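# Tertiary structure, described
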Amino acid sequence: MWSTYLSLWTLLNLYATGVDARVPPVSPVTAPASQTTKTIAFSSAVQIEASVAWESKQRASTAALPFPTNIAHIPEYAAVRLLAPAMPAIQQGVEFTDVERLVADVMPPAANTSSVGGEEPPADEEPALRVMIVGDSMTQGQEGDWTWRYRIWQWFKENEIAVRFVGPYKRTIAPPPPHAPEPPPLYGASPPPPGPPDDSGGYAEDMDAEFLTNSNHFSVWGRAAATDKGLIKEVVEQHPADLILLMLGFNDLGWFYSDAHGLVESIETLITNARAANPKLKFAVANVPQRSEMGRDDLVENTRLYNKLLPPLIQKVTSEQSPVFLVELERHYQCRPEGCPAAYDGLHPNGWGDFQIAHAFSETLVNDFKLGSRPLKVPPQHHESVTRKLAIPANFKVFSSPQGVTATWDKSYGAYSYDLRVSVNGGGPGFSGSATQFNRWDSHWPLEGWEYSVSVRARAGEHTQTEYTETLSAIAKPELAPAPCNIHAEATKKGLVVTWDPPTGPYTDSIVEYNILYWEHNPKGPGWIASAAFTESPGVIPDLEPDKEYRIAMLTWNENGEGLPFHVEESVAGKAQPDAVAEMSLRGRVPLFLAAGIGIASGYYIWTPYFEEKEKVKFRAQHEKEDADLGPGVIDVSPAKQPAVTTATAGTVPPAAATIPARPANNAG
């Protein structure tokens, strides 16, 4: 299952949009026996690319989870406080099964010489060198970038070399459009296919307009050599080229398409297939740059090994008819595990890095291809020509909505993401980072009546951001469904089986699905959170590691978004279960998790989400504490701390707990 495999090993730390390396580290649920393979088929590479895009989309926007003051005294938020540091949850049990559809999507569009940026020069123009730039996100760029493609175009122009850039794409990748929260795909289902590569984004606003008519390329976010080797022949046939500037490989190693030897084979196959379309094609092939430290020793070593293996490969495949030369990108691009000033996120080039990459290619063009008189000059790091300009978001609005509170603003051109500064009821901003890729923000897990104060700023990488806007406020009026009732989680030899009853009350008439959040138990709190969505009980989650303790929480999605989660005790996968458990009955209005907690019987759960107000105060006074084992701010409900309970047969509910009163209309928690 590709999506499961990738969700376990997405350790690359990208900052904003894209699928190359922008994901915060996670701890694996299970580890594959072998992290890499020597070679990989084209169809498998396409599946990986789609899965990486899907997972990166999930991680691209981190929900803002601000807390009011005295959070330990708000039982509704006990689960939120536990889950917040490890969010977002990554959806499991989804995989792309329609490989033919995926392959069709990655196939570049047919040549269209009548469009802007078309490849055919005017009739009165002298014959030009046809150059195809083949790369990934570092080459395509994001909206508002100059790109190194522009800098190498400037070099051709300065050296008076007539050049025509060719390829199926012309622009950068655009930011995603704003939208309301969307429910995740169901466990066992296929997520929406990523579709054809996007190249609808614009360039830096101060660029030479002439480049916009000569900006064709074959560079795609998230692209690996393992994918392009199956596409290059047709692309060169449709977009004839004399010279290919090739910069691929980071994704192959970073996303476990293959190891260093497998990447060498992919590059060799790509060259062979391109020559099938043009036997006289020339190649300038870049080695792979390192990136800043992120705990991936395998990536560092595989990059070093590949860069040692690449020169012998070039010697092997070069010929007089079709010469292949090395581009020393790693040496010129100032990006190392100990620091990466050339990038905006530890990998992707900023304005200064664009010059460095173009310089590396121009050096090969001068020294080996005898084009031009000197390599491109790289300006100082903080020169005006490489300084990105961003505008503070305009038309900022904050208002009550079915999601609780929503904020919108006009897109800041060239922003990769937006930072949100959010507080509730005058409290602090909390410890969970707040960011979104697009110009909309919705409160996450709000409570009715809370006042959210919000401001936003535009960001383009780690070191470029605007000032914050003014702070505006609105009262939360969520129309979200509560968590399900009577959750029962049973550990099996291979995983978990979770059952529940649908909630009742306001906003439960538009329920879309239920999401089970689960993670490996850690006294310090979850290091990662996985999730699985189902439309009805039971939810079966197989393939968990035996002898590992897992904890779960559940929440409900309706047409407006996801309601508050409900945290349940840990389960032990693969352990035997006793025949009976203790059960309990309490009434009221405040969601709390309650569990029997008898040895390994913690695989059984009965809970009710209600307390009378007078009982709530008494319960807090007697039982609330900061329990390191359960997580900060979580109420201790071990047997010694619980009210008296009745004993019943496993799977039954005492009559007093069988009927749960309707939730008051003004309590959406």
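In short, a report on the structure. Worth saying up front: this structure is predicted, and the values here are computed from it rather than measured. (Residues numbered from 1 in each chain as written. Predicted model: local features only at pLDDT ≥ 70, side-chain atom pairs only at ≥ 80, totals over all residues. Heavy atoms only, no water.)

Along the protein chain, the regular secondary structure elements total 15 helices and 24 strands. Put simply, the protein chain has 669 residues, and 59% of those count as buried. Within the protein chain, counting contacts between residues at least 6 apart in sequence, those at least 24 apart form 75% of the total. Put simply, the protein chain shows about 25800 Å² of open surface, and 51% of that area lies on carbon and sulfur atoms. (Helix = DSSP H or I, 4+ residues; strand = E, 2+ residues; numbered from the N terminus. Buried < 20%, exposed > 50% of the residue type's maximum accessible area, 1.4 Å probe, protein only. Contact = heavy atoms within 4.5 Å. Areas by Shrake-Rupley, 256 points an atom, 1.4 Å probe, with all protein chains shown as cover.)

Of all hydrophobic cores here, the largest spans 83 residues; its most connected members are Met132, Ile152, Ile244, Leu245 and Phe361. Looking at which element gives the most residues to this core, the answer is helix H13 (residues 351-367), with eight residues. If we skip the residues at most four places from it in the chain, Ile152 touches Ile133, Phe165, Leu245, Ala358, Phe361, Ser362 and Leu365. (Core = buried A, V, L, I, M, F, W, Y, C linked by side-chain atoms within 4.5 Å.)

Here we take up the sheet that holds strand S13 (residues 451-459). Consider a sheet: its strands pair through backbone hydrogen bonds, and that pairing is either parallel or antiparallel. Taken in spatial order, the four strands line up as S11-S10-S13-S14 in an open sheet, and their pairing is antiparallel. Because the sheet does not close on itself, it has two edges, and the strands there are strand S11 (435-436) and strand S14 (472-475). Strand direction decides the pairing type here: strand S10 (residues 417-424) and S11, joined by two bridges, are antiparallel. Paired with Asp419 across the two strands is Ala435, which belongs to S11. (Pairing = 2+ DSSP bridges.)

Pairing is antiparallel across the open sheet formed by three strands, whose spatial order is S8-S9-S12. A single partner strand is all that each edge strand has here, and the edge strands are strand S8 (397-401) and strand S12 (440-442). Geometrically, the sheet is characterised by an average inter-axis angle of 20 degrees between neighbouring strands, direction not taken into account. (Axes fitted to C-alpha atoms, helices over the stretch in contact; angles between N-to-C directions.)

Glancing now at the side chain of Asn560. By the element assignment, Asn560 lies in the loop between strand S20 (549-558) and strand S21 (561-562). Exposure remark for Asn560: the relative accessible area of 11% places this residue in the buried category. Polar contacts involving the side chain of Asn560 include one to the main-chain carbonyl oxygen of Glu479, which spans 2.8 Å. If sequence neighbours within four positions are ignored, Asn560 has contacts with Pro402, Gln403, Glu479 and Leu480. (Polar contact = N/O pair within 3.5 Å; in protein donor to acceptor, adjacent residues only side chain to side chain.)

As a further point, take the state of the cysteines. Using the criterion set out here, one finds one disulfide in the structure. Between the sulfur atoms of Cys335 and its disulfide mate Cys340 the distance is 1.9 Å. Since a negative S-S torsion denotes a left-handed disulfide, the Cys335-Cys340 link at about -105 degrees is left-handed. Of the residues examined, Cys335 reaches a relative accessible area of 1% and is grouped as buried. Taking the relative accessible area as the measure of exposure, Cys340 reaches 13% and is therefore buried. (Disulfide = S-S within 2.5 Å.)

By the secondary structure assignment, Pro379 is in the loop between H13 and S8. Sequence separation between Pro379 and Phe355 is 24 residues, and the spatial gap between their C-alpha atoms is 7.7 Å. With residues up to four places along the chain from it excluded, the contact list for Pro379 reads Trp352, Phe355, Ser385 and Val386.

With that settled, consider the pattern of salt bridges. Considering all chains together, one arrives at 16 salt bridges under this definition. Of the charged contacts in the structure, one is a salt bridge between Asp145 and Arg388, with a shortest N-O distance of 2.7 Å. Here Asp145 is found in the loop between helix H5 (137-140) and helix H6 (148-158), whereas its partner Arg388 is found in the loop between H13 and S8, with 243 residues between them in sequence. A salt bridge links Lys157 to Glu210; its shortest N-O distance comes to 3.0 Å. Highlighted residues: Lys157 in helix H6 and Glu210 in the loop between strand S3 (163-166) and strand S4 (218-219), separated in sequence by 53 residues. We classify Glu210 as partly exposed; its relative accessible area is 42%. By sharing partners, the salt bridges in this structure join Glu49, Arg223 and Asp228 into a single network. (Salt bridge = Lys/Arg side-chain N within 4 Å of Asp/Glu carboxyl O.)

This brings us to helix H11 (residues 297-317). Taking 1.5 Å of rise per residue, the 21 residues of H11 would be expected to cover 30 Å, and the 30 Å separating its terminal C-alpha atoms lies within 8% of that figure. If you look at H11, its biggest bend is around 25 degrees, right at Leu310, and the proline Pro311 turns up within four residues after that. Every buried residue of H11 is accounted for by Leu299, Val300, Asn302, Thr303, Tyr306, Asn307, Leu310, Leu313, Ile314 and Val317. (Expected span 1.5 Å × (residues − 1). Bend = angle between axes of the 7 residues up to and from the residue.)

Moving on: the pairing of strand S7 (residues 324-327). Pairing of strand S6 (residues 282-286) with S7, which is carried by four bridges, proceeds in the parallel orientation. Note that in S7 the partner of Ala286 across the bridge is Val327.

Where H6 meets H13, the axes come as close as 8 Å, and the angle between the chain directions of the two elements is 45 degrees. In terms of their interaxial angle, H6 and H13 are classed as oblique. The crossing of H6 and H13 is right-handed. Two secondary-structure elements touch here, H6 through Trp148, Arg151, Ile152, Trp155 and Phe156 and H13 through Asp354, Phe355, Ile357, Ala358, Phe361, Ser362, Leu365 and Val366. (Parallel < 35°, antiparallel > 145°, perpendicular 65-115°, else oblique. Left-handed = near helix turned anticlockwise from the far one by under 90°.)

Our next topic: the packing of aromatic side chains. Counted according to the given criterion, the structure contains 15 aromatic pairs. Considering the side-chain rings of Tyr150 and Phe211, the 5.2 Å spacing of their centres and the 70 degrees angle between planes classify their relative orientation as edge-to-face. In this pair, Tyr150 is assigned in helix H6 and Phe211 in the loop between S3 and S4, connecting sequence segments 61 residues apart. Classification of Tyr150 by relative accessible area gives buried; the value is 5%. Since its relative accessible area comes to 0%, Phe211 is described here as buried. Plain terms: the ring middles of Trp153 and Phe211 are 5.6 Å apart, the flat faces sit at 65 degrees to each other, and that makes the pair edge-to-face. Highlighted residues: Trp153 in helix H6 and Phe211 in the loop between S3 and S4, separated in sequence by 58 residues. Taken as a pair, Trp153 and Phe211 share a single burial class, namely buried. Following the ring pairs from residue to residue traces out a cluster consisting of Tyr150, Trp153, Tyr203 and Phe211. (Phe/Tyr/Trp six-rings, centres within 6.5 Å; stacked < 30°, edge-to-face > 60°.)

All right, on to the environment of Ala110 then. By secondary structure assignment, the location of Ala110 is in the loop between helix H4 (99-106) and strand S2 (129-135). Taking the relative accessible area as the measure of exposure, Ala110 reaches 55% and is therefore exposed.

Burial of H6 is extensive: nine of the eleven residues sit out of reach of the surface. For H6, the complete set of buried residues consists of Trp148, Arg149, Tyr150, Arg151, Ile152, Trp153, Gln154, Trp155 and Phe156. Tucked inside the fold, the buried residues of H6 contact S2, H5, S3, strand S5 (243-247) and H13. Taken from the residues just after H6, Glu160 is the one with a positive phi, measuring 55 degrees.

Bringing unusual backbone geometry into the picture now. Residue Pro538 follows Ser537 across a cis peptide bond; omega there is 5 degrees. Mapped onto the elements of the fold, Pro538 is located in the loop between strand S18 (530-534) and strand S19 (539-541). A positive phi angle, close to 75 degrees, is found at Thr147, a residue other than glycine.

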